[in-house]
Amino acid sequence: MDFETVIGLEVHAQMLTDTKIFCSCSTKFGGTPNSHTCPVCLGMPGVLPVLNKKVVEYAMKMALATNCEINKSCEFARKNYFYPDLPKGYQISQYAYPIAEHGYVLLDVNGEQKKIGITRIHMEEDAGKLIHDEHNPVSYVDLNRTGVPLIEIVSEPDMRSPEEAADYLKRLHEILVYLEICDGNMEEGSFRCDANVSIRPRGQKEFGTRTELKNMNSFRNVQRALEYEIKRQQYLVENGGTVVQETRLWDDAQGATNSMRSKEEAHDYRYFPDPDLVPILVDDAWVEKIKADLPELPLAKRERFVNEYQIPAYDAGVLTADKTLALYYEEVVKLCGKPKVASNWLMGDVMRFLNEDKRSIRECPIKTESLAEMIKLIDEGAISGKMAKEVVEDMYKTGKSPQDIIKEKGLVQITDEGELIKTITSIIEANQAQAAEYRSGKEKVFGFFVGQVMKATKGKANPQLVNELLKKMLAG
Amino acid sequence: MEFNQSTIHELQEKIKNGSVTASQITESVFSRIDAVEERVHSYIRLMKENALAAAKKADEDIKKGDIKPLTGIPIALKDILCTKGITTTCGSHILHNFVPPYNATVVEKLTAAGAVFVGKANMDEFAMGSSTETSWFGPTRNPWDLERIPGGSSGGSATAVAADECIASIGSDTGGSIRQPAALCGVVGLKPTYGRVSRFGLIAFASSLDQIGPFTKDVEDCAIMMNVLAGYDPKESTSVNAEVPDYRQFVGRDIKGWKIGIPKEYFIEGIDPEITAAIQQAIKVIELCGGVCVDISLPHTQYCVAVYYIIAPAEASSNLARYDGVRYGFRAADVRELLEMYKESRRQGFGAEVKRRIMIGTYALSAGYYDAYYKKASQVRALIKKDFDEAFKKCDVILTPTTPTPAFKIGEKTDDPLQMYLSDVFTISTNLAGIPGISVPCGYSTSGLPIGVQFLASHFEEGKLIQIASAYEKNAKIEKRRPAL
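Residues numbered from 1 in each chain as written. Chains lettered and ligands numbered in written order. Predicted model: local features only at pLDDT ≥ 70, side-chain atom pairs only at ≥ 80, totals over all residues. Heavy atoms only, no water.

Scanning chain B for helices and strands turns up 15 helices and 11 strands. The principal-axis extents of the C-alpha atoms in chain B amount to approximately 65 × 55 × 45 Å. Here chain B displays about 17,100 Å² of accessible surface, and carbon together with sulfur accounts for 52% of that area. Of the side chains in chain B, 54 bear a positive and 57 a negative charge, and the two mean positions are spaced by 3 Å. (Helix = DSSP H or I, 4+ residues; strand = E, 2+ residues; numbered from the N terminus. Areas by Shrake-Rupley, 256 points an atom, 1.4 Å probe, with all protein chains shown as cover. Lys, Arg positive; Asp, Glu negative; His and termini not counted. Charge placed at Lys NZ, Arg CZ, Asp CG, Glu CD.)

The next point concerns the state of the cysteines. This structure, assessed with the given rule, holds zero disulfides over all chains. Residue Cys-304 of chain B stays outside any disulfide, its sulfur separated by 16 Å from that of Cys-395 of chain B, the closest cysteine. (Disulfide = S-S within 2.5 Å.)

The next subject is the domain arrangement of chain A. Residues and elements named next belong to chain A. Taken domain by domain, chain A holds domain 1 (3-289), domain 2 (296-409) and domain 3 (417-474). One C-alpha centre belongs to domain 1, the other to domain 2; they are set 37 Å apart. Summed over both sides, the interface of domain 1 with domain 2 buries roughly 760 Å², with 60% coming from carbon and sulfur. In this assembly, domain 1 and domain 2 are joined by two salt bridges. Linking Lys-323 and Glu-180 is a salt bridge whose minimum nitrogen-to-oxygen distance equals 3.2 Å. Here domain 1 is connected to domain 2 by four residue pairs in polar contact (both at pLDDT 80 or more). A per-element tally of the side of domain 1 that touches domain 2 places helix H2 (residues 162-178) first, with four residues. Residue composition of the side of domain 1 that touches domain 2, grouped by class: five nonpolar, one polar and three charged. (Domains from an automatic or database assignment. Buried area = accessible area lost by both parts, 1.4 Å probe. Salt bridge = Lys/Arg side-chain N within 4 Å of Asp/Glu carboxyl O. Polar contact = N/O pair within 3.5 Å; in protein donor to acceptor, adjacent residues only side chain to side chain. Nonpolar A, V, L, I, M, F, W, Y, C, P; charged D, E, K, R; others polar.)

Our next topic: the interface of chain B and chain A. Contact with chain B, which involves 39 residues of that partner, is made by 32 residues of chain A. With both chains or domains summed, chain B and chain A bury close to 2,700 Å², and 61% of this area falls on carbon and sulfur atoms. Summed over the shared surface of chain B and chain A, the number is one salt bridge. A salt bridge links Arg-199 of chain B to Asp-276 of chain A; its shortest N-O distance comes to 3.1 Å. In this assembly, chain B and chain A are joined by 17 residue pairs in polar contact (both at pLDDT 80 or more). For the side of chain B that touches chain A, the class distribution of residues is 22 nonpolar, 10 polar and seven charged. (Contact = heavy atoms within 4.5 Å.)

Nonpolar side chains tend to gather and get buried jointly when the protein is soluble and globular. Judged by nonpolar contacts, the single largest core of 163 residues is most densely connected at Leu-70, Leu-81, Leu-110, Phe-126, Phe-388, Phe-455 and Tyr-472 of chain B. Contact partners of Phe-388 of chain B, with chain neighbours within four places excluded, come to Tyr-266, Leu-298, Ile-398, Ser-429, Ala-433, Ile-435 and Leu-456 of chain B. Within the second largest apolar cluster, 65 residues are counted, among which are Val-56, Cys-68, Ile-99 and Cys-182 of chain A. (Core = buried A, V, L, I, M, F, W, Y, C linked by side-chain atoms within 4.5 Å. Buried < 20%, exposed > 50% of the residue type's maximum accessible area, 1.4 Å probe, protein only.)

Moving on: the sheet that holds strand E8 (residues 292-296) of chain B. Residues and elements named next belong to chain B. Spatial strand order, E1-E3-E2-E4-E6-E5-E10-E11-E9-E7-E8: 11 strands in an open sheet with mixed pairing. Every interior strand has two partners, whereas the edge strands, strand E1 (43-46) and E8, have only one. On average, each strand axis in the sheet is tilted by 30° relative to the strand beside it, whichever way the strands run. One ladder, built from three bridges, connects E1 with strand E3 (residues 116-121); its direction is antiparallel. When the bridges of E3 are listed, Leu-46 appears paired with Gly-119. (Pairing = 2+ DSSP bridges. Axes fitted to C-alpha atoms, helices over the stretch in contact; angles between N-to-C directions.)

Structure follows, in structure tokens:
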């Protein structure tokens with residue numbers, strides 16, 4: 001049977017505020033357990049939450065960047081359940097009235113634009129962490145993360161393959177990082193994803209029974225878990241079984257999902273409006289102020305790069321995937337005026353060096369001025385492309401300017417015609433037989449002469465000039 | 001007269017003219033405690049050493065001429081208010097060993113005003129009760145008749161004032177927990193507007209209803225206390241940043257021409273005839289003061305108790321979830337795993353009434369029942385509030401009985417929660433509407449039990465309450481009796 005996959009994602013993004021959502025404790029990752037805590041985030045008796053306004057503004061930024069409608073009035077609700085990492089016995093979240101709804105993100109699917117709907121964005125506080133003793137039957141509670149602000153972005157079930165799901169996640173991640181409201185670090189849990197997945201016979205309108213997948217901490221794992229789960233569901237259906245609505249955990253080592261709890265075991269969270277907090281009212285002026293502060297978003301930047309710099313969409317995609325990389329690129333272009341050449345060098349050699357060293361563009365030792373200068377030197381013919389390869393590697397290793405490197409290594413290209421004519425004359429004289437062959441029509445021999453000239457000049461001869469002179473002189 | 005029997009304003013005069021020291025006042029309070037506390041049981045914890053030290057410090061300040069509004073005045077705190085470094089139990093086993101690392105905002109304010117804290121007053125467990133019988137530390141007795149309850153949940157705060165075991169005290173009122181015990185113990189008790197006094201550090205029962213207020217020996221003291229307690233607190237989101245008047249200016253002003261609303265729904269069958277008679281008498285006094293009584297209607301009054309017993313337990317079920325034995329308070333011993341630890345800690349840690357309300361509240365918020373209970377109750381609550389908004393277009397202040405009966409016997413209603421809940425029938429609506437209310441002594445039953453009259457005003461009109469209560473107090477000339485202890 002031919003099946004269609006239906007995927008919806010719930011993304012939790014940690015907001016990059018200095019302090020927690022309802023108290024003034026630090027949000028820094030790490031730290032001695034329970035050192036970033038106070039009576040408020042510890043859920044002590046009688047304490048009260050006071051909302052960090054920045055969290056609302058960050059959520060509004062994300063809402064605007066994903067084409068959502070921001071609700072004029074929204075409220076916090078309590079999600080009630082017991083767990084040792086949840087000190088109050090409830091999580092302050094949003095339920096009936098979230099900050100924003102009805103948005104979308106555009107994906108490029110097989111060359112066509114596809115809209116992935118966003119159901120809602122809401123604000124909430126994070127829970128703490130349990131640390132289980134490896135040797136004794138004891139668990140410890142670290143509440144440093146308790147009260148760190150999160151936004152949850154819930155998509156419509158609009159994705160039809162694990163690739164689309166991964167692509168959607170990358171787009172969201174990119175937007176969050178662009179907005180500078182989330183550091184996007186998946187390993188530290190700043191960007192987390194749960195997936196709802198079901199299958200149905202192609203053409204069927206009704207959704208199949210879905211399962212919820214948790215514990216996937218990389219883009220790759222999201223894709224792997226979805227692929228596994230789709231196969232598992234297909235196998236069940238094809239063999240007369242049925243999919244059960246449940247929550248399943250991805251096991252990275254095992255490469256499989258395992259049942260965590262069934263629908264019957266699901267919590268009744270008893271949501272109700274939090275009486276300790278007042279409704280948040282958002283007027284148009286506030287929205288306009290946030291809108292005015294929005295940076296250029298990845299999609300817009302990509303389109304602008306294609307139009308303004310006349311580079312391929314692929315290049316624009318790579319260069320805008322990281323805001324700092326895009327900024328770096330634009331500076332280089334501004335200085336050298338060669339957009340395509342700049343893109344080639346940046347995407348080729350420079351990014352290869354960075355990838356090899358697992359560095360980001362922020363840590364790139366090559367200054368934008370240096371890369372631009374090097375491109376100019378090639379264009380002026382001062383160095384050859386081949387020389388530039390050596391220069392760029394040195395620039396990366398030492399952080400020196402191209403001029404300094406060229407000088408140190410004596411890499412100056414020979415563009416002096418007189419000097420080259422002398423060299424070529426002596427080479428032709430020494431290789432009369434080959435010269436005769438060339439003249440009789442065996443043009444292959446031309447390469448031999450180029451090689452000889454380069455050897456004699458230690459590669460410093462300007463290749464174009466060598467070609468020109470050789471052709472003329474061999475012709476006699 | 002002993003110092004401990006005096007009011008704040010009387011003592012302030014004496015302190016200023018040097019005829020008494022703060023230490024003498026505090027000592028007189030503790031000698032009274034030595035004499036009667038065993039029988040009354042106003043306190044869960046006494047803070048004698050702290051109090052004597054604070055009094056000594058107050059005397060030094062007085063010598064320097066630094067006299068603040070409550071300098072040297074012994075005050076009792078309901079044990080629902082967090083006190084830094086001092087065990088705060090909320091009347092519960094589950095918090096029997098909890099020592100807060102912070103002060104409630106009102107504790108900070110009282111400290112800054114020079115108050116001397118006598119101790120932590122007894123209360124119904126988590127303020128859930130109308131008789132102070134649900135306290136894990138045993139019941140408080142009414143000083144007017146030790147066989148009777150003092151009201152609740154702030155019973156200890158009321159008796160401490162009534163039995164002169166302090167000069168004034170702090171309570172909290174979620175459905176009448178200040179006004180009802182004030183009435184049953186013959187003292188003045190005020191529940192301010194929701195948002196007027198900071199709730200930070202008040203252990204939550206029902207967050208949208210809880211409000212802190214004072215118990216005092218007369219209305220002027222009530223004004224003095226409100227001057228200290230009222231005001232915006234950035235630590236509380238529901239705190240209202242509205243101007244705070246000097247409440248003392250309302251003391252002694254007349255109420256000529258004021259319209260006094262008499263809601264027909266509060267004069268119903270089932271009220272003790274002695275209460276009815278006392279309230280009729282109070283109405284006459286108010287008319288003699290120049291007040292004009294007008295008949296008003298609060299049509300949704302009959303739903304108040306039902307609405308309250310959905311909303312308050314719903315909020316409580318969530319507020320009390322934090323008492324899980326993980327971080328502080330009581331944790332059951334000999335448990336093997338997490339769920340058992342939760343269940344046993346809470347089973348052994350909470351009393352029956354608290355468990356009953358947690359269950360009612362959990363049920364009211366459950367999937368499939370939320371709309372029928374919590375949501376419906378919230379909608380009716382809005383109608384109750386609207387009733388008052390309409391009523392205050394026709395009158396300045398509303399007058400009602402505070403309680404349907406005088407103090408009942410200990411044990412009389414403990415097996416009948418519904419009867420117990422009905423003892424708050426006249427005070428609950430105030431909390432649902434968020435408006436302020438005051439109970440003032442208005443006489444005694446033939447058996448000598450105090451009776452209270454309640455005045456209600458619109459949001460942030462505590463000044464009006466002080467004004468009418470003061471005018472009433474002055475003109476009613478209620479015989480000043482002291483409980484025979």
